[in-house]
Amino acid sequence: AQRVTQPEKLLSVFKGAPVELKCNYSYSGSPELFWYVQYSRQRLQLLLRHISRESIKGFTADLNKGETSFHLKKPFAQEEDSAMYYCALNAGNMLTFGGGTRLMVKP
Amino acid sequence: DTAVSQTPKYLVTQMGNDKSIKCEQNLGHDTMYWYKQDSKKFLKIMFSYNNKELIINETVPNRFSPKSPDKAHLNLHINSLELGDSAVYFCASSPGTGLYEQYFGPGTRLTVT
């Protein structure tokens, strides 16, 4: 069975600091991974997917199959990045979400 | 306004009651989902429908019964509500099964007293 683990429930950084939200997965097949974000009072939305290898809002994430990780990174955090972030694994036409990490960017 | 919509936004009810949550998408998607987000923010899939047919049912008590009258709607009916059913329920849709982005509704906060 697939599993996604986000070890940090809360991550608090100052504006301008680098940020890394950790995500580890367990899956026997070829993983397809996503990051979803939920800003305050907004609906959950896709931030990026590993297959696209793109940077969205300054965020990047690299799939590391050896470490079974898909950490989300941004070199300089902004206050508007404060939100709930979910890592998700697509396996068998189903998204399995991690427990989520709340990112707080302080001024 | 193209989106995934859910009604009601808030639902407060007593144990033992039966209630429904409605979901509609006007994105022309074939696949719809129901997720449950508990008090600790864990988000877990409950059901998935593709072209009105159930394709995923993740060990959800049979008090929960999804109904898809057409591709644009996936409603969730809950019988004999229990305290543990209190959560935020999210509907989502995607163009199909597989590696598509899922579009989420705003959520329905269900409180069982």
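Residues numbered from 1 in each chain as written. Chains lettered and ligands numbered in written order. Predicted model: local features only at pLDDT ≥ 70, side-chain atom pairs only at ≥ 80, totals over all residues. Heavy atoms only, no water.

Brief notes about the interface of chain B and chain A
And then number 1: The partner chain A presents 19 residues to the 21 residues of chain B that form the contact.
And then number 2: In total, chain B and chain A occlude about 1,800 Å² of area from one another, counting both sides; carbon and sulfur atoms represent 56% of this.
And then number 3: The largest share of the area that chain B buries against chain A comes from Leu43(B), Leu99(B) and Phe104(B), three residues that together contribute 32% of it.
And then number 4: Counting the contacts that link chain B with chain A gives one salt bridge.
And then number 5: A salt bridge links Glu101(B) to Arg49(A), with the shortest nitrogen-to-oxygen separation between them at 3.8 Å.
And then number 6: Inspection of the chain B/chain A interface yields five residue pairs in polar contact (both at pLDDT 80 or more). (Contact = heavy atoms within 4.5 Å. Buried area = accessible area lost by both parts, 1.4 Å probe. Salt bridge = Lys/Arg side-chain N within 4 Å of Asp/Glu carboxyl O. Polar contact = N/O pair within 3.5 Å; in protein donor to acceptor, adjacent residues only side chain to side chain.)

Observations concerning the pairing of strand β3 (residues 19-25) of chain B
Residue and element names in this part refer to chain B.
And then number 1: Direction of pairing for strand β1 (residues 4-7) relative to β3: antiparallel, over a ladder of four bridges. When the sheet's bridge partners are listed, Thr7 is paired in β3 with Lys22.
And then number 2: Alignment of β3 against strand β8 (residues 73-78), held across four bridges, turns out to be antiparallel. Considered in β8, the bridge of Lys19 is made with Ile78. (Pairing = 2+ DSSP bridges. Helix = DSSP H or I, 4+ residues; strand = E, 2+ residues; numbered from the N terminus.)

What to know about the packing of aromatic side chains
And then number 1: Inspection of every chain in the model, using the stated rule, returns 10 aromatic pairs over all chains.
And then number 2: Centroid distance Tyr36(A) to Phe104(B): 5.7 Å. Interplanar angle 75°. Geometry classified as edge-to-face. One end of the pair, Tyr36(A), is in strand β5 (residues 32-38); the other, Phe104(B), is in strand β10 (residues 103-104), on a second chain. Each of the two residues, Tyr36(A) as well as Phe104(B), counts as buried.
And then number 3: Centre to centre, the rings of Phe97(A) and Phe104(B) are 6.2 Å apart; their planes meet at 75°, and the pair counts as edge-to-face. Here Phe104(B) lies in strand β10 and Phe97(A) lies in strand β10 (residues 95-97), a pairing that spans two chains. Considered together, Phe97(A) and Phe104(B) belong to a single accessibility category, that of buried residues.
And then number 4: Put simply, the rings of Phe34(A), Tyr36(A), Tyr86(A), Phe97(A), Tyr33(B), Tyr35(B) and Phe104(B) pair up and form one aromatic cluster.
And then number 5: Across from the ring centre of Phe42(B), 4.1 Å away, lies the NZ or CZ of Lys9(A), which sits over that ring. (Phe/Tyr/Trp six-rings, centres within 6.5 Å; stacked < 30°, edge-to-face > 60°. Buried < 20%, exposed > 50% of the residue type's maximum accessible area, 1.4 Å probe, protein only. Lys NZ or Arg CZ within 6 Å of the ring centre and 35° of its normal.)

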